[in-house]
Structure formats: structure tokens, C-alpha cells
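As a plain string of letters, each chain reads:
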Amino acid sequence: MNRRTDRMRSRRQGSIGRRASPIGGFTGTGPQAVFTATSLSHAAGLVAPIVAAAERFGLRPDIDVRPEGVVVRVPCAGPEGIPAAAVDFAAAVSVAAAEQRLIPDPSRAQSIGIYVAQHSGADVRPFFTAALGYEDMGDTDAADPMRCGPQLAFNPIAGDSPSRGRTHFDVFVPADQAQARVDAALAAGGRLADDSHAPAWWSLASPDNHGVDIASWTDTYE
């Protein structure tokens, strides 16, 4: 995760600095909140207030509406990071959600990244962008242009066979949810592969040795 961590730190260091975490918490794609609802119509009632707040503060959030609830994200705005207005936007959305009796659930806030490790002599990003319909992001990453699918990070590994790839998942969650997520994965049969970077991230392995990193540093990095 180290090279991806360096890149994402630059996105996290936006104009909000160390102000209170906007919305529910920081994930790998920016601040995010989840509000649970009792029905699709209940969830959809939050859309208009979100749009109004976004226009008032000059933001372009992502809104995901389901019968189970609403997910609100403020995507990282490139190298400049998270805009300062995200904090005031979050406050407005939280007030609107409370008025409509939608319940914040930080345990559901997350973003997923796929960390594709490739032999140092290979360049597999063109293949993945073509196969998934993604676009290049920066020098080494790729992303769904509609921000629905997980982000991909491509990083070289040295001393390995060119015919063998290594890939693992990065799961970014708010800091106060990370330990519970790690404990749940271990209870489900996972193995702790490395906790030397905790609480920034824990490296876990499935029973058949597939890798998953549970990361919270995006919510705490100064």
C-alpha cells in the first residue's frame, strides 16, 4: 500500500486541512456519509436538500440512492484535495437528514480499491482500462469515469516472474470503524498477515491467502 498511500495523502491534504471530518469520515475517495432509510421514497427525499446544498456551496457530490438508504460522497478534486466548503456542505446535509429522520450509519461508509501489483517490466494498465471501460487517473491509477466501480492502482514488484500477477483489495473505512472491520474479517476465517502499520492499516489474508488491507489512515492523516 505504500506507493498508493503516498499518492492518496496528496489528495487528502486539501484546503480543509485538519478541520472536523466532513460528512461521516474520510475514505480512499474522499469524505462520505451513509444515511439509512425505511424505503426508497424515504431515501429519495434527501436528494433535493443535497442538491440545494451542493449548489449553495459550489460542490459536485456523488449521491447513491437505494431503498436501504443514501450514500453521499464528495470526490477528491484532483491534487488540490477536498474543498473547504465540504465541511459546511456536510453540516447542511446532516441537518436535512435529521429533519427527515434518516439515520447516519458510519459503519457502512467505505471505499474499495484494487491494488494490482505487476512485474516491473510489464504495463497492465492499458489492458484493465480497456476491459473495464475505465480511464487513466494520474500516472499509475485508473478509475471508473462514473465513480461507481473501485479505483485501481498499478504498482511494480521486483524480483518476480513476469507471468505471475499479485493483486489485493484495499478497503478504506472511517477510523472508528476499522478495528471492528478487522475483527469481523478475522472471525470469518481470515488471518492477520501484518499489523506493523496499524492503526493506519492492517494486512489480512483469506483462508486461501488472498490479500485485503483494511485502512483507516485516510480519516486520520494530518
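For the structure itself, consult the block above.
Residues numbered from 1 in each chain as written. Predicted model: local features only at pLDDT ≥ 70, side-chain atom pairs only at ≥ 80, totals over all residues. Heavy atoms only, no water.

Peer 1: Help me out: how do you make sense of the pattern of salt bridges in this one?
Peer 2: For side chains of opposite charge, pairing can occur when their charged atoms come near one another. All told, the structure shown has four salt bridges when counted by the stated rule. We note a salt bridge from Asp62 to Arg147, for which the minimum N-O separation is 2.7 Å. Separated by 85 residues along the polypeptide, Asp62 in strand S3 (residues 62-66) and Arg147 in the loop between strand S8 (141-143) and strand S9 (151-157) bring together distant segments of the chain. Linking Asp136 and Arg125 is a salt bridge whose minimum nitrogen-to-oxygen distance equals 3.5 Å. Here Asp136, found in strand S7 (residues 135-137), pairs with Arg125, found in helix H5 (residues 125-132); they are 11 residues apart in sequence, far enough to count as distant. The exposure class of Asp136 is exposed, given its relative accessible area of 52%. Residue class for Arg125 comes out buried when judged on its relative accessible area of 13%. (Salt bridge = Lys/Arg side-chain N within 4 Å of Asp/Glu carboxyl O. Helix = DSSP H or I, 4+ residues; strand = E, 2+ residues; numbered from the N terminus. Buried < 20%, exposed > 50% of the residue type's maximum accessible area, 1.4 Å probe, protein only.)

Peer 1: What's the story with the packing of helix H3 (residues 47-57) against helix H4 (residues 85-99) in this structure? I'm lost.
Peer 2: Relative orientation of the contacting elements H3 and H4 amounts to 155°, with a least axis distance of 9 Å. Taken together, H3 and H4 sit at an angle that is classed as roughly antiparallel. In this structure, H3 crosses over H4, and the sense of that crossing is right-handed. Touching Pro49, Ile50, Ala53, Ala54, Arg56 and Phe57 of H3 are Ala85, Asp88, Phe89, Ala92, Val93 and Ala96, all from H4. Grouping the constituent residues of the contact of H3 with H4 by class yields 10 nonpolar, no polar and two charged. (Axes fitted to C-alpha atoms, helices over the stretch in contact; angles between N-to-C directions. Parallel < 35°, antiparallel > 145°, perpendicular 65-115°, else oblique. Left-handed = near helix turned anticlockwise from the far one by under 90°. Contact = heavy atoms within 4.5 Å. Nonpolar A, V, L, I, M, F, W, Y, C, P; charged D, E, K, R; others polar.)

Peer 1: Whenever I open this one, unusual backbone geometry confuses me. Can you help?
Peer 2: The general pattern is negative phi for most residues beyond glycine and trans for most peptide bonds. In this chain, Ala198 is followed by Pro199 through a cis amide linkage whose omega measures 5°. Structurally, the position occupied by Pro199 is in the loop between strand S11 (191-194) and strand S12 (201-205). For Arg101, which is not glycine, the phi dihedral falls at a positive 60°. Along the chain, Arg101 turns up in the loop between H4 and strand S5 (103-104). Even without glycine at this site, Arg147 takes up a positive phi of about 60°. Classification of Arg147 as partly exposed rests on a relative accessible area of 47%.

Peer 1: Looking at this model, I keep getting lost on the sheet that holds S12. Mind explaining?
Peer 2: Either a parallel or an antiparallel arrangement is found when strands of a sheet pair, and the pairing is made through backbone hydrogen bonds. Pairing in this open sheet of eight strands is mixed, and the strands run S7-S8-S9-S6-S10-S13-S12-S11 from one edge to the other. A strand with exactly one partner marks an edge of an open sheet, and here the two such strands are S7 and S11. Going from strand to strand, the sheet's axes swing by 30° on average, the running direction of each strand aside. The pairing of S8 with S9 spans two bridges and is classified as antiparallel. For Asp141, the partnering residue across the bridge sits in S9 and is Ala153. Most of the contacts of helix H6 (residues 175-187) go to S12, to which it runs at about 10°, and overall it touches strand S10 (166-172), S11, S12 and strand S13 (211-215). (Pairing = 2+ DSSP bridges.)

Peer 1: Help me understand the side chain of Asp105, please; the structure alone is not making it clear to me.
Peer 2: Along the chain, Asp105 falls in the loop between S5 and strand S6 (111-119). Within polar-contact distance, the side chain of Asp105 engages the side chain of Ser107 at 2.5 Å. For Asp105, the residues in contact, after removing those within four places along its chain, are Val34 and Thr36. (Polar contact = N/O pair within 3.5 Å; in protein donor to acceptor, adjacent residues only side chain to side chain.)

Peer 1: Sorry, what's going on with the nonpolar core here?
Peer 2: Inside soluble globular proteins, nonpolar side chains tend to come together where they are buried. Phe35, Leu46, Ile50, Val70, Val72, Phe89 and Leu102 are the most contacted members of the largest nonpolar core, which has 21 residues in total. No other element matches H4, which puts six residues into this core. Counting seven residues, the second-largest nonpolar core is a separate cluster that includes Val171, Val182, Leu204 and Ile214. (Core = buried A, V, L, I, M, F, W, Y, C linked by side-chain atoms within 4.5 Å.)

Everything listed is a geometric property; what it means functionally is a separate question.
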